[in-house]
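Breakdown of the fold
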Amino acid sequence: MANCSITVQCFVLVTLLLQLLSSSSLASSAVTVSIDGHGDYTTIAQAISEAPSHSGTKHTILVRPGIYKELLHIPRDKTNILLIGDGRHNTVILGHQNGGTLSRTATVAIHGAGFVGQSIAFVNSAGPKAGPGIALLNAADRSVLYNCSIEGFQDTLWASLGRQFYRECHIYGSVDFVMGNAAAVFQNCMLYARLASFSVFTAQSRDDPLQRTGFVFHYCRFTVSPGDDAGKQLSGAGNAILGRPWRAYSRVVIMRSYIDDIVSPMGWGEMKGTPTDKVTYVEFENEGPRSNTRGRVRWIGVVEVHDKDQVKDFTVSRFIKGDDWIPPTGVPYMGGL
């Protein structure tokens, strides 16, 4: 992975600029978290706790380099939090939780609308045999994750509720590692299967045909995690599937993305107890050794389409109405195809 860190000097300049621009919509206030005590807070949890409630403007929390061993909860009243790290290799929020109630395994759980996370790693290190271990539970409407790393094994990212946008993020996992029922668009993201004899990239849980939810992957890559010895054994083996239905009306759209030979030709698979006749799994203009759909499962909702008009409703601008709320964050995005 390319190192996206910025220097300490640049970090200080960013801090000063955000303070000078305190009247802007992007950053009405800014505080700094540093483990070494050279900031306003030594823990991210303290900074979140003292953030304004029901804020209509961005409250910026700058997190300096370090491994922050915290379990964070951003409640509904903590709206418009802007959490900026020093790069996904340098600023790490680390948890080691597994089992029990899914939400209690999360390293970070976000419920406050308007959250933006940038240049941070969210990690659950519970391990490949520990069962569910969520690195990030996102239930925040109009939330954006940019240039972040989301790392775990089973159930890494729970994209639970609301409209969500992920740009240039790296997501690591083994089983059902992008799951939930948000309306989420992933753009220019890396999906890395790791440390498993069989991997499942998605488990989308739409349970009603009227819900405007689903996962959209646009210019993404579905491939093997770099650096994992066990992951390397998966390369070319076809020991992964793009997804399986967590609920009956599961919906996943993959557009103009790269599908590596880790993926089985069948593409999609079953989840015990969930029917497969109501799913919507759409592939459009993908590339890579497993983009050929001739071997896909023969379910009525599994289709490859070739007409742009058939997928235009799954763009950022239409599916999550991103033009209304992404531009003020400053995060780059592609509204159309």
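Residues numbered from 1 in each chain as written. Predicted model: local features only at pLDDT ≥ 70, side-chain atom pairs only at ≥ 80, totals over all residues. Heavy atoms only, no water.

**Describing the overall build of the protein**
Helix and strand content of the protein: 4 helices and 26 strands. Burial statistics for the protein: of 337 residues in total, 58% are counted as buried. Long-range contacts, defined here as pairs at least 24 residues apart, represent 67% of the contacts in the protein between residues at least 6 apart. Entry remark: accessible area of the protein is about 13,600 Å², with carbon and sulfur atoms responsible for 50%. (Helix = DSSP H or I, 4+ residues; strand = E, 2+ residues; numbered from the N terminus. Buried < 20%, exposed > 50% of the residue type's maximum accessible area, 1.4 Å probe, protein only. Contact = heavy atoms within 4.5 Å. Areas by Shrake-Rupley, 256 points an atom, 1.4 Å probe, with all protein chains shown as cover.)

**Some thoughts on the nonpolar core**
Counting residues in each nonpolar core, the largest one holds 58 residues, and the members touching the most others are Y166, F186, L191 and F217. No other element matches the 3 residues that helix α2 (residues 44-49) contributes to this core. Once residues within four sequence positions are removed from consideration, F186 is found in contact with L157, Y166, I171, V178, F215, V216, F217, H218 and C220. Within the second largest apolar cluster, 23 residues are counted, among which are V144, Y146, V282 and W325. (Core = buried A, V, L, I, M, F, W, Y, C linked by side-chain atoms within 4.5 Å.)

**Digging into the sheet that holds strand β24 (residues 258-259)**
If you trace the 8 strands from one edge of the open sheet to the other, you get β3-β6-β9-β12-β15-β18-β21-β24, paired in parallel fashion. The sheet is open, and its two borders are formed by β3 (66-68) and β24, each paired with just one other strand. Judged from the 4 bridges that link them, strand β18 (residues 190-193) and strand β21 (residues 221-224) form a sheet pairing that is parallel. Looking at β21, one finds that M190 is bridged to R221. (Pairing = 2+ DSSP bridges.)

**Some points on the pattern of salt bridges**
Pairing is possible between side chains of opposite charge, provided their charged atoms come close. Throughout the structure, instances matching the rule amount to 9 salt bridges. The residue D141 makes a salt bridge to R163 at a minimum N-O spacing of 2.8 Å. On the criterion of sequence distance, the pair formed by D141 in the loop between β10 (136-138) and β11 (143-146) and R163 in strand β14 (residues 163-167) is long-range, its members being 22 residues apart. With relative accessibility at 24%, the residue D141 sits in the partly exposed group. (Salt bridge = Lys/Arg side-chain N within 4 Å of Asp/Glu carboxyl O.)

**Considering the packing of aromatic side chains**
By the definition in use, this model includes 11 aromatic pairs. Plain terms: the ring middles of F186 and F215 are 6.0 Å apart, the flat faces sit at 85 degrees to each other, and that makes the pair edge-to-face. Here F215 lies in strand β20 (residues 214-218) and F186 lies in strand β17 (residues 183-187), a separation of 29 residues in the sequence. A relative accessible area of 0% places F186 in the buried class. The class for F215 is buried, based on a relative accessible area of 0%. When the centroid spacing of 5.6 Å and the interplanar angle of 50 degrees are considered together, the rings of F314 and F319 count as tilted. Both residues of the pair, F314 and F319, count as buried. (Phe/Tyr/Trp six-rings, centres within 6.5 Å; stacked < 30°, edge-to-face > 60°.)

**Remarks on the side chain of T213**
Within the secondary structure layout, T213 lies in the loop between β19 (199-204) and β20. For T213, a relative accessible area of 12% translates into the label buried. Here N181 takes part through its side chain, which lies 2.7 Å from a polar atom of the side chain of T213. Not counting chain neighbours up to four residues away, the residues in contact with T213 comprise N181, A182, A183, Q204, R206, R251 and F319. (Polar contact = N/O pair within 3.5 Å; in protein donor to acceptor, adjacent residues only side chain to side chain.)

**Digging into the sheet that holds β10**
Here we have 7 strands laid out as an open sheet, ordered β4-β7-β10-β13-β16-β19-β22, and parallel in their pairing. Edge strands, defined here as strands with exactly one partner in the open sheet, are β4 (72-74) and β22 (240-243). Mean inter-strand twist for the sheet, computed between neighbouring axes without regard to direction, equals 15 degrees. Inspection of the sheet shows β10 paired to strand β13 (residues 157-159) by 3 bridges, in the parallel sense. Paired with L137 across the two strands is W158, which belongs to β13. (Axes fitted to C-alpha atoms, helices over the stretch in contact; angles between N-to-C directions.)

**Some details on the environment of A182**
Summarising the element assignment, A182 is placed in the loop between β16 (178-180) and β17. Given a relative accessible area of 0%, A182 falls into the buried group. For the pair formed by A182 and F215, sequence separation is 33 residues and the distance between their alpha carbons is 7.4 Å. If near-sequence neighbours (up to four positions away) are discounted, A182 is found in contact with A159, S160, L161, G162, Q164, Q204, T213, G214 and F215.

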